[in-house]
Amino acid sequence: MAQWRAPSYKYQTETKSLGDGLNTGVPPFDIGESELTYARNLGSQDHPAISTRYGRTFYSTAMSSLSTNVSGFGERSNSQLHFTDGKDWKYWSTSSTAFTNLSTSLTSGAEAAFSDFVTGANRYTLMMNSTQLKYWDGSASTALNLGDATTPKTNIFTVHKGRIYAASGSVLYYSALNLINDWTTPNDAGSISITQAKGNIIALVEYNDKVIAFTEYGMHELFGTGPSNYELVDVEGEIGCYSRKSVVKANKNLYWYWLDGIYEYNGSSPIKISSAVDEYLQSIPYANRDKVICGSVGDYLYVSIPYSSSNNDLVLKFDTRLGKWYADTGNFDYFTKMGNVLYGLDSTGGVVNMRDASVKTDNGALISYDLITKPFTNKFVSQNATLSDLWFLISASTDSTINISYSTNSTGTSTSLFKNIARTTDFDFSGSGQQVRIQVPTTDLQNVPFYRLRVDGTGDVKIHRIEKQFRAKRR
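Computed from a prediction, not measured in an experiment: that's the story for all the values here.

Visitor: I tried to follow the overall build of the protein on my own but got confused; where do I start?
Guide: Helix and strand content of the protein: one helix and 42 strands. By residue count, 54% of the 475 residues in the protein fall in the buried class. Roughly 20,200 Å² of accessible area belongs to the protein as shown, and the carbon and sulfur atoms make up 45% of that amount.

Visitor: Would you mind going over the environment of Ser269 with me for this structure?
Guide: For Ser269, the position within the fold is in the loop between strand 24 (261-265) and strand 25 (271-272). Residue classification places Ser269 among the partly exposed residues on the basis of a relative accessible area of 48%.

Visitor: Whenever I open this one, the pairing of strand 11 (residues 122-128) confuses me. Can you help?
Guide: Every other side chain in a regular strand lies on the same face of the sheet, so the side chains alternate between the two faces. Burial runs high along strand 11: five of the seven residues are buried. Two strands pair when backbone bridges link them, and strand 10 (residues 113-119) and strand 11 are joined in this way by seven bridges, in the antiparallel orientation. Each residue of the ladder has a partner; that of Phe117, found in strand 11, is Tyr124. Counting the residues between successive antiparallel strands, the hairpin from strand 10 to strand 11 contains two residues, one of them, Gly120, with a positive phi of roughly 60 degrees. Pairing of strand 11 with strand 12 (residues 133-136) involves four bridges; the strand directions are antiparallel. Its bridge partner lying in strand 12, Leu126 is registered against Tyr135. The hairpin formed by strand 11 and strand 12 contains four residues between the paired strands.

Visitor: Even after reading the chapter, I still don't get the sheet that holds strand 9 (residues 100-103), so can you show me in this structure?
Guide: Spatial ordering of the open sheet is given by 6-7-8-9, a layout of four strands whose pairing is antiparallel. Lying at the two open borders of the sheet, with one neighbouring strand each, are strand 6 (70-76) and strand 9. Within this sheet the neighbouring strands show an average axis-to-axis angle of 25 degrees, counted without direction. Relative to strand 8 (residues 88-93), strand 7 (residues 80-85) runs antiparallel, the two sharing six bridges.

Visitor: How should I be thinking about the nonpolar core in this particular structure?
Guide: In globular proteins that are soluble, nonpolar side chains generally tend to be buried together. If you look at the biggest cluster of nonpolar residues, it comprises 76 residues, and the most contacted ones within it are Phe214, Trp256, Leu316, Phe392 and Ile404. Residue contributions to this core peak at six residues, all from strand 37 (residues 385-396). Among residues more than four places away in sequence, those in contact with Ile404 are Leu390, Phe392, Lys419, Asn420, Ile421, Ala422, Phe427, Ile438, Arg454 and Val455.

Visitor: Quick question: what am I supposed to make of unusual backbone geometry here?
Guide: As a rule of thumb, non-glycine residues mostly have phi less than zero, and peptide bonds are mostly trans rather than cis. Residue Pro48 is bonded to the preceding His47 through a cis peptide linkage, with omega at 15 degrees. Its place among the elements puts Pro48 in the loop between strand 3 (42-43) and strand 4 (50-52). Phi is positive for Asn41, which is not a glycine, with a value near 60 degrees. Counting through the fold element by element, Asn41 comes out in the loop between strand 2 (36-40) and strand 3. Judged by its relative accessible area of 4%, Asn41 is buried. Positioned with a positive phi, Glu238 is a non-glycine residue whose angle comes to about 55 degrees. Residue placement: Glu238 occurs in the loop between strand 21 (231-235) and strand 22 (248-250).

Visitor: I'm lost on the side chain of Glu216 in this one. Help?
Guide: Mapped onto the fold, Glu216 is located in the loop between strand 19 (210-215) and strand 20 (218-223). Among the polar contacts made by the side chain of Glu216, one reaches the side chain of Tyr286 at a distance of 2.6 Å. If we skip the residues at most four places from it in the chain, Glu216 touches Lys198, Asn200, Ile202, Gly240, Cys241, Tyr242, Trp258, Tyr286 and Arg289.

Cut-offs used in this document
- Residues numbered from 1 in each chain as written.
- Predicted model: local features only at pLDDT ≥ 70, side-chain atom pairs only at ≥ 80, totals over all residues.
- Heavy atoms only, no water.
- Helix = DSSP H or I, 4+ residues; strand = E, 2+ residues; numbered from the N terminus.
- Buried < 20%, exposed > 50% of the residue type's maximum accessible area, 1.4 Å probe, protein only.
- Areas by Shrake-Rupley, 256 points an atom, 1.4 Å probe, with all protein chains shown as cover.
- Pairing = 2+ DSSP bridges.
- Axes fitted to C-alpha atoms, helices over the stretch in contact; angles between N-to-C directions.
- Core = buried A, V, L, I, M, F, W, Y, C linked by side-chain atoms within 4.5 Å.
- Contact = heavy atoms within 4.5 Å.
- Polar contact = N/O pair within 3.5 Å; in protein donor to acceptor, adjacent residues only side chain to side chain.

Given below as structure tokens:
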């Protein structure tokens, strides 16, 4: 009588979440099981689940699109959005039905920066570019000239404790106390040369009760409130900044873009935080470095970059609470925060709320999402696996679509590398959570060393868990 022989394979089950964001900083085999090699338009708001990001909505449906010659974007008193558009400085209030012009004689295309300066009962909105310096008091019909003959023509400036600080070359200028037009009074207004500056000053920011000046390869901190007690400190490390528009505060820390990525500073030493998205940031040509912009809202840092073209065409998103990175589509050239809303100005001249938690569409259009997992392997390198079933714990709106596909290539995002194994008709979306079983055809994923899964589609989709059931050969 023949003896019974054990099967040559055994069943294994693995349950994973997919909510830990992108990681392109190490080889795909070595990232975390819940991290992704590719993702678009997904967010961490339901972490550890992965969900379609929050939607974007127009700031005002009555606002006509701006021209493609916008060169500055800011806000006043949390109630108005300000723009330099061609030769015009104009604004739109929350209750507006049309733009209001404050100046029509700017140098077209000159990059501008905005800031409010409050002293006593007066609030001045400052606009500075490389050829004009202007301010508006909120009531006059036109903007007036700012500063005096010694005020540098620059868009690099910040406001701190009753003074305007402006940079030109390696010199830091400051106005007299509480006076925006006085830059000459001895022992009150003046300038400081940064003697160890490694190049020209690229950005200025007020942070943690001091003014920080960035060059390409250095940081310098100015302590004090005036010429009687100023102290300039050079920050060790030779870490600088590549883009004026990338410097932003988020969740009590300071962030900016430099040579090899995004840096974070809390007052001690700057550290790089973007290793997980190195693939994107290190692909930016030096000639396009100053196009990188950053904005923040709540715990989230947004970074718009020129990734696959010379213009901004990708938004990287960093959850400062979780320390996780995600990526969204979008062509945004400017960010500004007004109140608790981050507004983005896109390449077509439209202004949108970048993170409207009340919707999961972009101005009514379903959002397209896409993710690709790491190459999944067996627990043991010596064992191949045969995937038999996939289980999804998933929630989705009734108008959503979904496709599940796989690839036995370890890299690449082309659709030609993936084979579909499930689509929308295999699901029954009702908006609530459901378990869905996907039986993998016996002709697919048989005895393979590794495979990647791709999930893409449109609409409001939340993937809580995936479970993989497979057979592994005994050795």
